[in-house]
Amino acid sequence: MGRVGEFARVLAPDMPGYGSADKPRDFNYTIDGYAEHLGGLLAELQVRRVHLVAHDFGGPWALAWGAKHPDAFASATLIDTGALIDYQWHRYAKVWRTPIAGELFQASASRAGFRFLLGRENRRLYPEAIDRLYAISRPWATRRAVLKLYRVTPAEMMGASKEALRALDRPVLELWGSADVYFHCEQAERRRQAFPSARVELLEGLGHWPFLEDPGRVAALVVPFLREQLGAHIAARG
């Protein structure tokens, strides 16, 4: 954010249910609900042109917004996410989607268990980063939001906006950790069904959180791409 902030306005809102944001029981915890919330936030801040940067479920949320706002949607940087085509739920998602089992799993999640599971599945993720992820997922209201989101989202909805996005074919940079066990890297090439001109970079040895595992490597790809997009826009206005 700091490096991009040298040449562009940068916004990184916590979304409802997560981080420092409110976590209301009655929020619309669906892809469309989050897309609508994002749209309201951008309108409130009077943002008229957006270069999306998204990860995980943020991809479907952001792209659902982008598909409905083509005049404002300028480009997308997608990190282990996107319009997930023919997606199959990962092992934890299957548990979260199961009543009672999901609640028990969430209630029993401990720091030690979190460290063990994430450390085993994301070898390059440092213990400090795992502790950060645990801290932001610890509030019960956040765990409740996760359960609601996964239970109201059919897997096919993860790529529902692909046709509208394909017609737009916006500039897209896709980064994908080759060792991501939740969103498999085979999705990277499938994503060309939504973004035919996408630039795809496979990050060998990295898992689901490349920006935490090797931030320098990710920044070396993301920052020039965003600078290029901003420069092209300024030149076009020229």
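Structure's up top.
None of these values were measured; they are calculated from a predicted model.

## A look at the pattern of salt bridges
Then, in step 1: A complete count under the given rule lists 8 salt bridges for this structure.
Then, in step 2: The salt bridge partner of Lys68 is Asp32, with a shortest N-O separation of 3.8 Å. Of the two residues, Lys68 is situated in helix α2 (residues 58–68) and Asp32 in helix α1 (residues 31–44); the sequence distance between them amounts to 36 residues.
Then, in step 3: Between Arg199 and Glu201 there is a salt bridge, and its shortest N-O distance comes to 3.0 Å.
Then, in step 4: Here Arg199 falls in the partly exposed class, since its relative accessible area comes to 37%.
Then, in step 5: For Glu201, a relative accessible area of 24% gives the class partly exposed.
Then, in step 6: Here the salt bridges do not stand alone but share partners, grouping Arg91, Arg120 and Glu121 into one network.

## Some details on helix α5 (residues 111–121)
Residues lying three or four places apart along an α-helix face the same way, a consequence of the helix completing one turn every 3.6 residues.
Then, in step 1: Phe114, Leu118 and Glu121 are the residues of α5 that are buried. Buried positions in α5, seen along its axis, are confined to an arc of 65° and lie on one side of it. Of the residues in α5, the exposed ones pointing more than 90 degrees away from the buried face are Ala112 and Phe116.

## Some points on the nonpolar core
Then, in step 1: Judged by nonpolar contacts, the single largest core of 55 residues is most densely connected at Trp65 and Phe195.
Then, in step 2: One finds Ile79, Leu175, Ala219 and Val222 within the second-largest nonpolar core, a separate group that totals 13 residues.

## Quick word on the pairing of strand β3 (residues 172–177)
Then, in step 1: Most of β3 sits out of view: 6 of its 6 residues are buried.
Then, in step 2: Where burial is concerned, the two faces of β3 agree: the one with Val172, Glu174 and Trp176 and the one with Leu173, Leu175 and Gly177 are both buried.
Then, in step 3: Across 4 bridges, strand β2 (residues 73–79) lies against β3 in parallel orientation. Of the residues in β3, the one forming a bridge with Leu78 is Glu174.

## Regarding the packing of aromatic side chains
What describes a pair of aromatic rings is the distance from one ring centre to the other and the angle between the planes of the rings.
Then, in step 1: Considering all chains together, one arrives at 16 aromatic pairs under this definition.
Then, in step 2: Here the aromatic rings of Phe27 and Tyr29 are separated by 5.0 Å at their centres, their planes lie at 75°, and the arrangement is edge-to-face.
Then, in step 3: For Phe27, a relative accessible area of 18% translates into the label buried.
Then, in step 4: A relative accessible area of 4% places Tyr29 in the buried class.
Then, in step 5: Each ring, one from Tyr87 and one from Trp89, has its centre 5.6 Å from the other, and the planes form 85°; the classification is edge-to-face.

What counts and what doesn't
Residues numbered from 1 in each chain as written. Predicted model: local features only at pLDDT ≥ 70, side-chain atom pairs only at ≥ 80, totals over all residues. Heavy atoms only, no water. Salt bridge = Lys/Arg side-chain N within 4 Å of Asp/Glu carboxyl O. Helix = DSSP H or I, 4+ residues; strand = E, 2+ residues; numbered from the N terminus. Buried < 20%, exposed > 50% of the residue type's maximum accessible area, 1.4 Å probe, protein only. Arc of directions from axis to C-beta. Core = buried A, V, L, I, M, F, W, Y, C linked by side-chain atoms within 4.5 Å. Pairing = 2+ DSSP bridges. Phe/Tyr/Trp six-rings, centres within 6.5 Å; stacked < 30°, edge-to-face > 60°.

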